[in-house]
Number of protein chains: 2
Amino acid sequence: MSGSVKDKVAVIGVGCTKFGDNFDMGYEDMAVEAAFAAFHDAGVVPDEIEAAWLGTYSPSLGHGKAAASLADALRLYNRPITRVENFCATGTDAFRNGVLAVASGLYDIVLVVGVEKYKDRPGRGIQREGVHPYYNDGATAPGLFALAANRYMHTFGLTRRTLAKVSVKNHHNGALNPKAHLQREVTEEQVLSAPIIAWPFGLYDCCPTTDGSAAAVICRADLAKRFRDDYILVKGVGLAVTTGRPFMDPTFDYLGFRSTQQASGQAYEMAGIKNPVTEIDVAEVHDCFTWTEISNYEDLGFIAKGQGAGLIEEGRTALDGDIPVNPSGGLKSFGHPIGASGVRMVYEIVTQLRGQGGPRQVKDPKIGLVHNVGGPGAVSCVVVLAQP
Amino acid sequence: MSGSVKDKVAVIGVGCTKFGDNFDMGYEDMAVEAAFAAFHDAGVVPDEIEAAWLGTYSPSLGHGKAAASLADALRLYNRPITRVENFCATGTDAFRNGVLAVASGLYDIVLVVGVEKYKDRPGRGIQREGVHPYYNDGATAPGLFALAANRYMHTFGLTRRTLAKVSVKNHHNGALNPKAHLQREVTEEQVLSAPIIAWPFGLYDCCPTTDGSAAAVICRADLAKRFRDDYILVKGVGLAVTTGRPFMDPTFDYLGFRSTQQASGQAYEMAGIKNPVTEIDVAEVHDCFTWTEISNYEDLGFIAKGQGAGLIEEGRTALDGDIPVNPSGGLKSFGHPIGASGVRMVYEIVTQLRGQGGPRQVKDPKIGLVHNVGGPGAVSCVVVLAQP
């Protein structure tokens, strides 16, 4: 990385639909609701949007049509819209590309939208929870992450009871969040006694299949004050792609994901963050499975490899902990419509940094982190946001 | 458009596979050949590549895995790779996003790759030439473009014989190009007597289904001289998305595509081009069908609406004309692997601007244009390149 886009771009508006079984809303409906919420929040009208980036993994009507679908849904015609897709980091990478475009000086104000519709499309549920078409039969997302989780648990003595605490924490946070998919508490015993999906993951160790959309309006940082005083600055972005076949990589130790280590390293270097656990005040971290959150604590540099369990056991990542993680409820409780998730995390961190988190608000955060990992482990994207 | 990225980014290397029925090469094989040709051309080693953009419409192994596939194919690990998809403008928009990223100051040197594998994937041929899954039965790409072509021919008196001249020209150019898919001349009579695909388009009015990959290495313009003296500057980029349902748009007159008018307008404004037909010396223009090239002449501002036939009738777009169009052979003869095409056009224009076009070299070009339209008409991307 040669240069930096630190402090060049600001988030001036965010929007997010209710996540869940949105049977009453189509793909385009959700994108419209999220985008117009972001326009309203930023105090802009659609005509002020000069370009857009759309993060979507499974576009509405088959591949190809995604950018034009967004143009039609928002009547955002005669300007640039780019579709970005990058596994579970799709939304975050759409945000990153929007940030780079504003930093290039070409556009003053752009829109980033993430959207996904999974619940009433035949086969989508199976695809998400079950057999990916590009993996061998039976190598499901839970199954693949479980390979690493088992190795990790064996190596570091992590137990299912500690994994359950991640689920309990994130369900607790989600129960406080009116936009979350699963707004209910769960107990450790419920998590531990749930049907096994792929050992060690029971049903409550896995994120659900969810519909949803989120959006952000970003602009040149030097223009942000025109729109609001409590704008949020982009301090760092990082993206790293490793092998798409981590389980065939002889150097893969099954104990964490290099893509997250690399992407967070890029973002921290840009943001000037030396000690993430003390400098970051709130984080939205990819918890597709309970183990993933614990391993991510380590890959994000919050704590040394093998010691992530301590953060959850000691309550340090709870809402009132010293580094609250997933105050939104996380993928576990908020839901995970793939391309929407990264932008939804930006929504949450911006909301937290503005102090607008309501019952789930963490105490006085100044710097926040957004993180997705996908693949599993093939790609990771990290964004650092902060108050000006 | 608020700012500009004019003269901030340079192309220092390009590469391209043979396009065609590449039954001996897989998706990744082609990406590797194109990328390493571009590395060699630029005089860089893969480790110098700081980030990459991949334009692909139909990724190798289903959606999701595209960026990681490229990382694996090129062993380009632990750095950013973004997949971009935007109908038939996929490759050009990947190039545009790479340009914006370099212009942001974050990266010095990045790679853009476009790749597509259509010829030995069951169903892909049908998808390309026949029924798109998101259109109604029978509303094929040829059928949809034919709706506009028929209206245009009725309105402006364009004949099939004039359409045939586009095919003859582009096949002539492709016959001079060792990388083209269909390296053979055709006569007007052959074009006119070929089986009808969708009136007015016969077989030789339609581009083929093709495998291929192309790549470009781009860098900060102020660093370009370190790599070569004959680098090529990016003078302008433009992208415009209109409706994805142009044929349901009551304001659509079926006589041309607004997206191309808008995208070229953006690129010309940035490049400072006032009179395209005199200022642009060579152009690669989206000729998915013969009519599309003629209509594009007008939408790109080479000539007034309804008068495009004159450019082909008078030979002005031939290799020795005053504004040679598709010296490569165009989509018609070079082939059209969707995500590869835009990057392949960059390859051709860079080759022409360097004077390395061999038997298809046009005379002393200083400024060249790359143009894709997709959708049909839903999206267009334009790039203006020039000698320093």
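Chemist: Got a minute to help me understand the interface of chain A and chain B in this structure?
Modeler: By a frequent convention, interface size equals the accessible area lost on bringing the separate parts together. At the interface, 60 residues of chain A touch 60 residues of chain B. Buried surface at the junction of chain A and chain B, both sides included, amounts to about 4700 Å², of which 50% is carbon and sulfur. There are four salt bridges connecting chain A and chain B. Linking chain A to chain B there are 28 residue pairs in polar contact (both at pLDDT 80 or more). Strand direction decides the pairing type here: strand β3 (residues 81-85) of chain A and strand β3 (residues 81-85) of chain B, joined by three bridges, are antiparallel. Looking at β3(B), one finds that A:R83 is bridged to B:E85.

Chemist: Before we go on, may I ask you to explain the relation of the copies chain A and chain B in this structure?
Modeler: One copy of the chain maps onto the other through a rotation about an axis followed by a shift along the same axis. When chain A is fitted onto chain B, the two copies agree to an RMSD of 0.0 Å after a turn of 180° and an axial shift of 0.0 Å. With respect to symmetry, the two chain copies, as superposed, fit the operation of a two-fold axis. Nearest to the rotation axis, the C-alpha of A:S104 is located 1.8 Å from it, this being the minimum over chain A. Both copies share a contact surface, since 100% of the interface residues of chain A are interface residues in chain B too.

Chemist: Would you mind going over the pattern of salt bridges with me for this structure?
Modeler: Oppositely charged side chains may form a pair once their charged atoms are brought near each other. For the coordinates displayed, the defined rule picks out 50 salt bridges over all chains. The salt bridge partner of A:D229 is A:K225, with a shortest N-O separation of 3.3 Å. Comparing A:D229 with A:K225, the two get one shared label, exposed. The partner of B:E188 in a salt bridge is B:R161, and the shortest N-O contact between them spans 2.9 Å. Taken as a pair, B:E188 in helix α7 (residues 188-193) and B:R161 in helix α6 (residues 160-175) lie far apart in primary sequence, 27 residues in all. On the accessibility criterion, B:E188 (22% relative accessible area) is partly exposed. Judged by relative accessible area, B:R161 falls into the partly exposed class, the value being 37%. Salt bridges sharing common partners tie together A:R161, A:K165, A:E188, A:E189 and A:E313.

Chemist: How should the packing of helix α5 (residues 141-156) of chain B against helix α10 (residues 290-299) of chain B be read in this particular structure?
Modeler: In helix packing, the relevant descriptors are the interaxial angle and the interaxial distance, both defined with respect to the helix axes. Residues and elements named next belong to chain B. Contact geometry for α5 and α10: axes closest at 10 Å, N-to-C directions at 65°. In terms of crossing hand, the pair formed by α5 and α10 is left-handed. Between α5, through F145, A148, A149 and Y152, and α10, the contact on the second element is made entirely by W291, T292, I294 and E298. By residue class, the composition of the contact of α5 with α10 is six nonpolar, one polar and one charged.

Chemist: For this particular structure, what's the right way to read helix α1 (residues 27-42) of chain B?
Modeler: In an α-helix there are 3.6 residues to a turn, and that puts residues three or four apart on one side. All names here are of chain B. The end-to-end C-alpha distance of α1 is 23 Å, a good match for the 22 Å that 16 residues give at a rise of 1.5 Å each. Residues Y27, M30, A31, A34, A35, A38, F39 and A42 constitute the buried set of α1. The buried side chains of α1 occupy one side of the element, clustering within an arc of 165° when seen end-on. At the C-terminal side of α1, G43 shows a positive phi close to 75°.

Chemist: Would you explain the state of the cysteines in this entry?
Modeler: As used in these notes, a disulfide is a covalent bond between sulfur atoms, one from each of two cysteines. Residue and element names in this part refer to chain A. On inspection of all chains with the given rule, the structure shows zero disulfides over all chains. Here C207 stays free of any disulfide, with the sulfur of C288 as its closest cysteine sulfur at 6.0 Å. Given a relative accessible area of 6%, C207 falls into the buried group. This cysteine, C381, is not joined by any disulfide, and C88 carries the nearest cysteine sulfur, 12 Å off. Residue classification places C381 among the buried positions, given a relative accessible area of 0%.

Chemist: Mind showing me how you'd approach the environment of A:G308 here?
Modeler: Structurally, A:G308 can be placed in helix α11 (residues 308-313). Distance from A:G308 to A:E298, taken between C-alpha atoms, is 5.9 Å for residues 10 residues apart in sequence.

Procedures and definitions
- Residues numbered from 1 in each chain as written.
- Chains lettered and ligands numbered in written order.
- Predicted model: local features only at pLDDT ≥ 70, side-chain atom pairs only at ≥ 80, totals over all residues.
- Heavy atoms only, no water.
- Contact = heavy atoms within 4.5 Å.
- Buried area = accessible area lost by both parts, 1.4 Å probe.
- Salt bridge = Lys/Arg side-chain N within 4 Å of Asp/Glu carboxyl O.
- Polar contact = N/O pair within 3.5 Å; in protein donor to acceptor, adjacent residues only side chain to side chain.
- Pairing = 2+ DSSP bridges.
- Helix = DSSP H or I, 4+ residues; strand = E, 2+ residues; numbered from the N terminus.
- Least-squares fit on C-alpha atoms with pLDDT ≥ 70 in both.
- Buried < 20%, exposed > 50% of the residue type's maximum accessible area, 1.4 Å probe, protein only.
- Axes fitted to C-alpha atoms, helices over the stretch in contact; angles between N-to-C directions.
- Left-handed = near helix turned anticlockwise from the far one by under 90°.
- Nonpolar A, V, L, I, M, F, W, Y, C, P; charged D, E, K, R; others polar.
- Expected span 1.5 Å × (residues − 1).
- Arc of directions from axis to C-beta.
- Disulfide = S-S within 2.5 Å.

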